[in-house]
Amino acid sequence: MGSAADRNPARRLDDASSMEGLLEFRPRTAVVLVFLTLMVAVVGWRIARDTGTRRVEILAREGVGLFNAAPSTGSVTAPPDAVEAEKRFRALAGVPIGFPRDDPDFVPVEVRREVFANHPAVSLRFRYAGAGYLFVVSVRDRLLGTPSVAAFPEGSFVSGERDGRSFVLWEREEATCIVVSEGDVTRAFDLVRRLFT
């Protein structure tokens, strides 16, 4: 008769509303919940990873496009030395970036405002040991006081080649930075490591 009592709908409602069900372990339910949690985590990770990859591709394309654009010959004059270029760059960018002051190979050519991936940015064209470089800094937007999501973890670098140009991309202090070069990737990465980090 015990089985007949378990089939009584009134009894099941009483059992379902009690707290005793929380202490009862159901292995099948636990396994299903673990698998569902893992599936959601994997799908979320893949979406986040793909979004970061697309953003890096867009930033690299924009950086190479700015590098290939001819320097302006208008009212913007070339800064005479690294100290003045650094002051102008900091005033426009709002990000504390230091340029090498005692390195004779570092020759600033031009500091100017740019539009980088539909965001305001500041660029520095410079020559280092005779090779041309473009350094672009774009401060990430803030929405209601919180910074936008980074494309990849801070402290990480993404480097590669696109359209015959090499680039190194990184994020720091709520800003996206990219250096584009006409040289190879290893020289550009070494220059970024020595001068800007």
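Up top is the structure these notes are about.
Here goes a summary of the coordinates provided. (Residues numbered from 1 in each chain as written. Predicted model: local features only at pLDDT ≥ 70, side-chain atom pairs only at ≥ 80, totals over all residues. Heavy atoms only, no water.)

**A few points about the side chain of Asp103**
Rules: By definition, any uninterrupted DSSP run of H or I lasting at least four residues is a helix, any uninterrupted run of E lasting at least two residues is a strand, and each is numbered from the N terminus. Polar contacts, as counted here, are pairs of nitrogen or oxygen atoms within 3.5 Å of one another; within protein the pair requires one atom able to donate a hydrogen and one able to accept it, and residues that are adjacent in sequence qualify only if both atoms are side-chain atoms. In what follows, residue pairs with any heavy atoms lying within 4.5 Å of each other are defined as contacts.
Relative to the helices and strands, Asp103 resides in the loop between α5 (82-93) and β1 (106-116). One polar contact links the side chain of Asp103 to the main-chain amide nitrogen of Asp105, over a distance of 3.1 Å. Separated by 2.6 Å, the side chains of Asp103 and Tyr128 make a polar contact. Among all residues touching Asp103, those that are not within four sequence positions of it are Tyr128 and Leu195.

**Regarding helix α6 (residues 185-195)**
Heads up, the rule is: Per-residue accessibility, obtained with a 1.4 Å probe over protein chains only, is compared with the maximum for each type, and a residue is labelled buried under 20%, exposed over 50%, and partly exposed between these values. Starting at the helix axis, one direction is taken to each C-beta atom, and the arc is that of these directions.
For α6, the set of buried residues is Val185, Ala188, Leu191, Val192 and Leu195. All buried residues of α6 lie within an arc of 130° about the axis, which places them on one face of the element. Check the buried side of α6 and you find it contacts β1, β2 (119-128), β3 (131-139), β6 (157-162), β7 (165-172) and β8 (175-181).

**Thoughts on unusual backbone geometry**
The residue Ala129 is not glycine, and still its phi comes out positive at about 55°. Structurally, Ala129 is set in the loop between β2 and β3. Positive phi values are uncommon outside glycine, yet Asp163 reaches one of about 55°. Note on placement: Asp163 falls in the loop between β6 and β7. Relative accessible area serves as the criterion here: at 63%, Asp163 is assigned to the exposed category.

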